[in-house]
Structure formats: structure tokens, C-alpha cells
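What follows is each chain in one-letter form.
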Amino acid sequence: SSKWEEFMTKVTMTVNGKTASGEAEGRTLLSSFLREELELTGTHVGCDTSQCGACVVHVNGVAVKSCTMLAVEAEGAEVATIEGQASADGTLNSVQQAFQDHHGLQCGFCTPGMVMSATALLKDNPKPSEQEIREYLEGNICRCTGYHNIVKSILAASGQDVSAIAAE
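Cut-off values and rules
Residues numbered from 1 in each chain as written. Predicted model: local features only at pLDDT ≥ 70, side-chain atom pairs only at ≥ 80, totals over all residues. Heavy atoms only, no water. Pairing = 2+ DSSP bridges. Helix = DSSP H or I, 4+ residues; strand = E, 2+ residues; numbered from the N terminus. Core = buried A, V, L, I, M, F, W, Y, C linked by side-chain atoms within 4.5 Å. Buried < 20%, exposed > 50% of the residue type's maximum accessible area, 1.4 Å probe, protein only. Contact = heavy atoms within 4.5 Å. Patch = residues over 30% accessible without salt bridge, like charges linked within 9 Å, V, L, I, M, F, W, Y side chains within 5 Å. Areas by Shrake-Rupley, 256 points an atom, 1.4 Å probe, with all protein chains shown as cover. Salt bridge = Lys/Arg side-chain N within 4 Å of Asp/Glu carboxyl O. Lys, Arg positive; Asp, Glu negative; His and termini not counted. Charge placed at Lys NZ, Arg CZ, Asp CG, Glu CD. Expected span 1.5 Å × (residues − 1).

A. Representation of the pairing of strand β1 (residues 8–15) in the model. The pairing of β1 with strand β2 (residues 18–25) spans eight bridges and is classified as antiparallel. In the strand pairing of β2, Thr14 is matched with Thr19. Remark: two residues form the turn of the hairpin made by β1 and β2, two consecutive strands paired antiparallel; Asn16 in that turn has positive phi of roughly 55°. Bridging between β1 and strand β5 (residues 78–80) involves two bridges; their strand directions are parallel. By the bridge assignment, Val15 is partnered in β5 with Val79.

B. Spatial organisation of the nonpolar core. Formed by 22 residues in total, the largest nonpolar core has its most connected members in Val95, Phe99, Met114, Ile133, Leu137, Ile150 and Ile154. Mapped by element, the contributors of at least two residues to this core are α2 (94–101), α3 (111–124) and α5 (148–157). Those residues within four positions of Val95 in sequence are excluded, and the remaining contacts are Val115, Ala118, Thr119, Leu122 and Ala157.

C. Structural view of a negative patch on the surface. There is a patch of like negative charges on the surface, built from Glu23, Glu36, Glu37 and Glu39. Residue position: Glu37 is located in helix α1 (residues 30–37). A relative accessible area of 38% places Glu37 in the partly exposed class.

D. Broad picture of the pattern of salt bridges. Scanning the model with the defined rule gives two salt bridges in all. With a closest N to O distance of 3.1 Å, Glu25 and Arg27 form a salt bridge. Arg134 is the salt-bridge partner of Glu130, the closest N and O atoms lying 3.1 Å from each other. Here the residue Glu130 and the residue Arg134 both occupy positions in helix α4 (residues 130–136), the gap between them amounting to four residues, near one helical turn.

E. Inspection of α3 at higher detail. Under the 1.5 Å per step criterion, the end-to-end length of α3 is 20 Å for 14 residues, consistent within 8% with the ideal 20 Å. Counting buried positions along α3 gives 11 out of 14 residues, so the element sits mostly inside the fold. Restricting attention to buried positions, one finds in α3 the residues Thr111, Pro112, Gly113, Met114, Val115, Met116, Ser117, Ala118, Ala120, Leu121 and Leu122. Buried residues along α3 sit in contact with β3 (56–59), β4 (62–65), β5, α2, α4 and α5.

Interpretation note: all reported values are geometric properties and have no functional meaning in isolation.
Written out as C-alpha cells, the structure reads:
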């Protein structure tokens with residue numbers, strides 16, 4: 001047994017509907033725990049400073065930047081990651097499908113965080129305006145796009161007509 005084992009804590013949470021446990025130091029970020037301990041690498045880490053939003057997951061139904069939360073704080077919580085968004089048969093959810101249909105991604109690095117943020121927005125505001133979407137996404141950075149097709153994708157996922165909005 002190494003001297004570091006005494007600093008490890010068993011952390012158990014429900015991730016994407018399944019009980020998941022792993023060992024974490026008290027200082028381990030939820031983003032690191034999900035990626036390294038649970039091998040759910042869809043949650044991306046772009047900054048470690050809560051600026052980019054690539055690490056957004058849902059904790060007990062609330063969108064959270066997982067680089068700002070310790071894994072031990074998620075003990076007993078319900079956590080949803082990008083890996084749990086599609087149906088069991090692999091069918092994309094409405095937000096994922098809209099991102100695909102309306103070219104709401106380029107390199108894809110920010111996409112998991114964008115999809116998780118958009119899902120949370122639509123839960124709270126089922127028919128957001130373009131301005132409301134842009135304001136909600138202020139905590140998510142995309143370095144490839146001008147956000148136009150991301151916003152269009154979210155409008156489409158909400159069931160709003162986007163046929164008059166040109167693709168960019």
C-alpha cells in the first residue's frame with residue numbers, strides 16, 4: 001500500500017442512469033474523475049479555469065462546469081454527461097440531431113459542453129429567442145465558429161422554424 005492511498009476516498013454517483021464508483025483524492029475535479037477514473041472522455045477540459053464550458057455536465061439536473069466542482073462534492077449525485085444523451089440504440093437526442101443537421105460544430109471540441117448547456121437551456125426555456133440563446137451560451141467558448149450555426153441548431157432543437165436563417 002502506497003502512502004498516497006490514505007488520501008483517496010471512494011466516490012459513488014449515478015452517471016447516465018448507472019451507479020458508478022471510483023477512487024479520488026479530495027482535490028480531484030469532477031471533470032478529471034469522469035475522464036480518468038470513469039473513462040467518460042466526452043467531457044472535455046479546455047481551460048481548467050471555468051472559462052470555456054467544454055466540461056459542462058448536469059449534476060442533479062443543473063448544468064455545471066465540472067472543472068469547478070470536486071468529485072467528492074458529487075457523492076450520491078445524479079450526473080449526466082454527453083455519453084448519456086443519445087438513446088440506448090444510439091439515436092441522437094433532439095439537440096444532438098439539430099447540431100448535426102444544422103452544422104452546429106466544426107472541430108467538435110466544444111460540442112459536448114454546448115450540447116449539455118443547450119439541453120439545460122431548453123429544459124428551463126423551451127422556446128428561447130436567439131438573444132436568450134446567445135446570453136445563455138456566454139460561458140461556452142467555440143474557437144472555430146461564429147456561433148451562428150450553434151444558435152440555429154438550438155433554435156431548431158426547440159422546434160422553431162429556422163428555414164429563413166441562412167447557413168454560414
